[in-house]
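# Summary of structural features
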Amino acid sequence: KRRRLALLRAALVPPGGPDAQLETARTLELVIDKVRSFGGRIEGLGPIGAVAVFGLSEIGDAADRAGHSAMAIVKAVERARREDGAETAVKIGIHVGVALVGVGPGPGATELDMDERRDLWPMLDELVERASLGSILVTDPAASLLMRRFELTPSPGPPDKARAHVLIGLE
């Protein structure tokens, strides 16, 4: 079955020094918590980032939930930097697309098709590469859905790259 999904990639930019790994792990926990609190599911996880999918379940608007989750992640990381002296920063990319979703193992479990996942990841990689620290970049397809509830501005970027927008906040 094909569904419209929102994918979010949070890329952590760790500090240098002996506590970098511990601090990055704490920040990654914040990311996971915020994703799950907005109904997303972690689809990929590494030492300095995570990819989440919204829309595998039929709950609410996937793009809006990804946008809210991204804003909550940025705010939580900023709060940790301000209050705890943390040095880890975050860059976020959001893309929306229609993808094949299958039934996974277990009752009611859904899975993003492996080939679809491989096709969607490069777009997320490009977004976080282009994003500045503490920002959320979204693709055109995501922007068209997010503009109803969020304030967006065009992102400057190389003409050979896909157009992107910066998610600034709630409308």
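See the structure above.
What this report covers is the structure whose coordinates are included nearby.

Analysis parameters
Residues numbered from 1 in each chain as written. Predicted model: local features only at pLDDT ≥ 70, side-chain atom pairs only at ≥ 80, totals over all residues. Heavy atoms only, no water. Axes fitted to C-alpha atoms, helices over the stretch in contact; angles between N-to-C directions. Helix = DSSP H or I, 4+ residues; strand = E, 2+ residues; numbered from the N terminus. Parallel < 35°, antiparallel > 145°, perpendicular 65-115°, else oblique. Left-handed = near helix turned anticlockwise from the far one by under 90°. Contact = heavy atoms within 4.5 Å. Nonpolar A, V, L, I, M, F, W, Y, C, P; charged D, E, K, R; others polar. Salt bridge = Lys/Arg side-chain N within 4 Å of Asp/Glu carboxyl O. Buried < 20%, exposed > 50% of the residue type's maximum accessible area, 1.4 Å probe, protein only. Core = buried A, V, L, I, M, F, W, Y, C linked by side-chain atoms within 4.5 Å.

### Remarks on the packing of helix 1 (residues 20–37) against helix 2 (residues 62–84)
Viewed as axis vectors pointing N to C, helix 1 and helix 2 meet at an angle of 150°, and their least axial separation amounts to 9 Å. In this view, helix 1 runs roughly antiparallel relative to helix 2, as classed from their interaxial angle. Between helix 1 and helix 2 the crossing geometry is right-handed. Contacts from T27, L30, V31, K34 and V35 in helix 1 reach S69, A72, I73, A76, V77 and A80 in helix 2. Residues belonging to the contact of helix 1 with helix 2 are distributed by class as follows: eight nonpolar, two polar and one charged.

### Topic: the pattern of salt bridges
Inspection of every chain in the model, using the stated rule, returns six salt bridges. Linking R9 and D125 is a salt bridge whose minimum nitrogen-to-oxygen distance equals 2.6 Å. One end of the pair, R9, is in strand 1 (residues 2–13); the other, D125, is in helix 3 (residues 114–130), with 116 residues separating them in the sequence. Of the charged contacts in the structure, one is a salt bridge between R149 and D64, with a shortest N-O distance of 2.0 Å. With a gap of 85 residues between them, R149 in the loop between helix 4 (140–146) and strand 7 (150–154) and D64 in helix 2 connect regions that are remote in the sequence. Exposure remark for R149: the relative accessible area of 44% places this residue in the partly exposed category.

### Focus: the nonpolar core
In terms of nonpolar packing, the biggest core is built from 32 residues, with I92, I94 and I136 touching the most fellow members. Of all the secondary-structure elements, those providing two or more residues to this core are strand 1, helix 1, strand 3 (49–54), helix 2, strand 4 (89–103), strand 6 (136–139) and helix 4. It is helix 2 that provides the largest number of residues to this core, a total of eight residues. Leaving out residues up to four positions away in the same chain, I136 has contacts with A70, M71, V74, I92, I94, H165, V166 and L167.

Bear in mind that shape data such as this cannot, by itself, settle questions of function.
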